[in-house]
Each structure stands twice: as C-alpha cells, then as structure tokens.
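# Structural overview for review
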Amino acid sequence: MKFHVSGEEQKKTDSIKLTDTFSLLKNKTFWIFMVYVLGVACVYSVYDQQFPVYYVSLFSTSGQGNQMFGYLNSIQIFLEAGMMVIAPFIVNKIGAKKSLVVAGLLMASRITGSGLAVEPIGISTMKMLHSFELPIMLIAILKFIDANFDAKFSATMYIVGYYFVSQVGQALLSPILGHWYDTIGFSKTYLILGESVFVFVILFAVLRLAVLPKQAHYPNQAV
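Here goes a summary of the coordinates provided. Here the residue numbering is sequential within each chain, running from 1 through the sequence in written order. Per-residue local features of the predicted model are confined to residues with pLDDT of at least 70, and side-chain atom pairs are confined, for both listing and counting, to 80 or more; whole-chain, interface and lining totals are unaffected and use all residues. Remark: hydrogens and water are excluded; side-chain values derive from all non-hydrogen atoms of the structure.

Another aspect to go through is the pattern of salt bridges. Take a side-chain nitrogen of Lys or Arg and a carboxyl oxygen of Asp or Glu: if they are within 4 Å of each other, that pair is a salt bridge. Enumeration over the complete set of coordinates arrives at 2 salt bridges. Between Arg110 and Asp48 there is a salt bridge whose closest N-O contact spans 3.1 Å. Of this pair, Arg110 sits in helix α5 (residues 96-116) while Asp48 sits in helix α3 (residues 28-57), and the two are 62 residues apart along the sequence. The class of Asp48 is partly exposed, set by a relative accessible area of 25%. Here Arg110 and Glu133 are joined by a salt bridge, their closest N and O atoms 3.8 Å apart. Here Glu133 lies in helix α7 (residues 130-148) and Arg110 lies in helix α5, a separation of 23 residues in the sequence. The helix and strand labels rest on DSSP assignments: H or I over at least four residues marks a helix, E over at least two residues marks a strand, and numbering proceeds from the N terminus. Relative accessibility decides the category of a residue: with a 1.4 Å probe and only protein chains considered, values under 20% of the type maximum give buried, values over 50% give exposed, and everything between is partly exposed.

And the structure:
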C-alpha cells in the first residue's frame, strides 16, 4: 500500500530542526504532558511489572495462582482487543484531556484496590481493569499529541515525550519500588503508589483547565 504525501506536508516534515525540537522545552503544554507521563503512565507501568508476583502470592499455592493468572490474562487480552475498537469512540466523545483523566483515575483505582485486596476474587477484579484503562490511555495520548502540538512534532512527542521519558522514569523508579516491596510489602507500596497517581491525575486535571486552551491549538481532534 502506497501513501501519497502532499508537497506542503513534505515541506513541514523536512523543515523540522533540532532547535525546533528543543523549543518544546519552553512549551507549557509539553510540561503538563510530562506530569501525566511521569506521574501516571510511568508509575502504572512499574506497578504492573511486579503485579503477577503479588497476584500469585494471594493464592493457597503458587501453581493455583499461576494457573488462574494465565486464565485471566487470556480473557484480559480479548477484552483489551475489543476495547481498542471502542476506545477511539470514547475518546472522540469526551475529548483527549478528559480521557486521560478517566484512564488515570482507573489506573489509580486499580493500584489502590490491589493494595486493599486480600483474597483472589478482589485481586482478580483489579486485574481485569487493565483491559479498560490501557486502551483509553493509549488512544488519548495520541489524540492529545495530535491536538496540542504541530503535526511535525507528533513523532518526536510520542517517541521522546512519551516512550523515552516513560522508559527512563521506569528505570529510575524500579529500584525504589523493589526496595519498598522488600521492606514494607506489596500492599503498602501499592497504597502509596495509588495515592501518588491520584495526586498526579488531579494535578494534570487542574493544570489542563488553568493552562491548556479550551480548544485545541491544532484542531484536528476533540481535546
């Protein structure tokens, strides 16, 4: 399949310079986005890495826990695939900014709920929330970038502003959480993380209302 790029679009792509990229550091919207990436998406990713270990520990035997996790993970994948079809309609309906807030609240609820869960049914319920929150967040991030940044920065914002920053944040946060898991346990660590994500979601919501324009600067999508 071939894609035809207009001369104007090609000119915009070719005209991006290193100085243009660094100019993002002066953009208030960029830093508000970083609040979400580091305080919500990054923390959630680190939490989800060790979640299987805690999940299995709540069952009478590790074999039973691993078996149940495998069943739930299969169901989650199917639900997540279905949500990837539905998520664009949700994001377009309520806007990218509100969708990020919704996804963040779901993530904070899952992390906090994992800390409060003391039996298999509760922790399994928390596991299934992943099917709904992740598709909404991923679609909302793409829509947010498209709506609030010049098209020539779209790839840069996703690769550097989201993916790279998130990976660096995870690398820095993982040893800290690993220490907490060993010293205060999974439950208390999850409660701390859940509260932190709630705070960052609220901060993002407040900043988006106070700083970000009501209408997208590059109005291609709902924001």
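Another aspect to go through is the packing of aromatic side chains. Between the rings of Phe, Tyr and Trp (Trp by its six-membered ring), a pair exists once the centres lie within 6.5 Å; its type follows the angle of the planes, with under 30 degrees stacked, over 60 edge-to-face, and the other angles tilted. For the structure shown, the criterion picks out 15 aromatic pairs. Aromatic pair Phe51 and Tyr55: ring centres 6.0 Å apart, planes at 45°, arrangement tilted. In this pair, Phe51 and Tyr55 both sit in helix α3, 4 residues apart, roughly one turn of the helix. Summarising the burial analysis for this pair, Phe51 and Tyr55 share the class buried. Taken together, a centroid distance of 5.4 Å and an interplanar angle of 65° make the contact between Tyr55 and Phe69 edge-to-face. Placement of Tyr55 in helix α3 and of Phe69 in helix α4 (residues 62-94) is noted, with a sequence separation of 14 residues between them. An identical accessibility class is assigned to Tyr55 and Phe69; each is buried.

In these notes, a set of buried Ala, Val, Leu, Ile, Met, Phe, Trp, Tyr and Cys residues joined through side-chain atoms within 4.5 Å is what counts as a nonpolar core. Core analysis: the largest hydrophobic core is formed by 54 residues, its most contacted members being Phe33, Leu100, Met137 and Tyr190. Mapped onto this core, the elements with two or more residues apiece are α3, α4, α5, α6 (120-128), α7, α8 (154-183) and α9 (186-210). The dominant element in this core, judged by the number of residues it contributes, is α3, at 15 residues. Any two residues whose heavy atoms approach within 4.5 Å at even a single point are treated as in contact. Not counting chain neighbours up to four residues away, the residues in contact with Leu100 comprise Tyr36, Met137, Ala140, Ile141, Phe144 and Phe204.

Here the focus is the environment of Ile75. Mapped onto the fold, Ile75 is located in helix α4. Taking the C-alpha atoms as reference points, Ile75 and Ser131, separated by 56 residues in sequence, lie 9.0 Å from one another.

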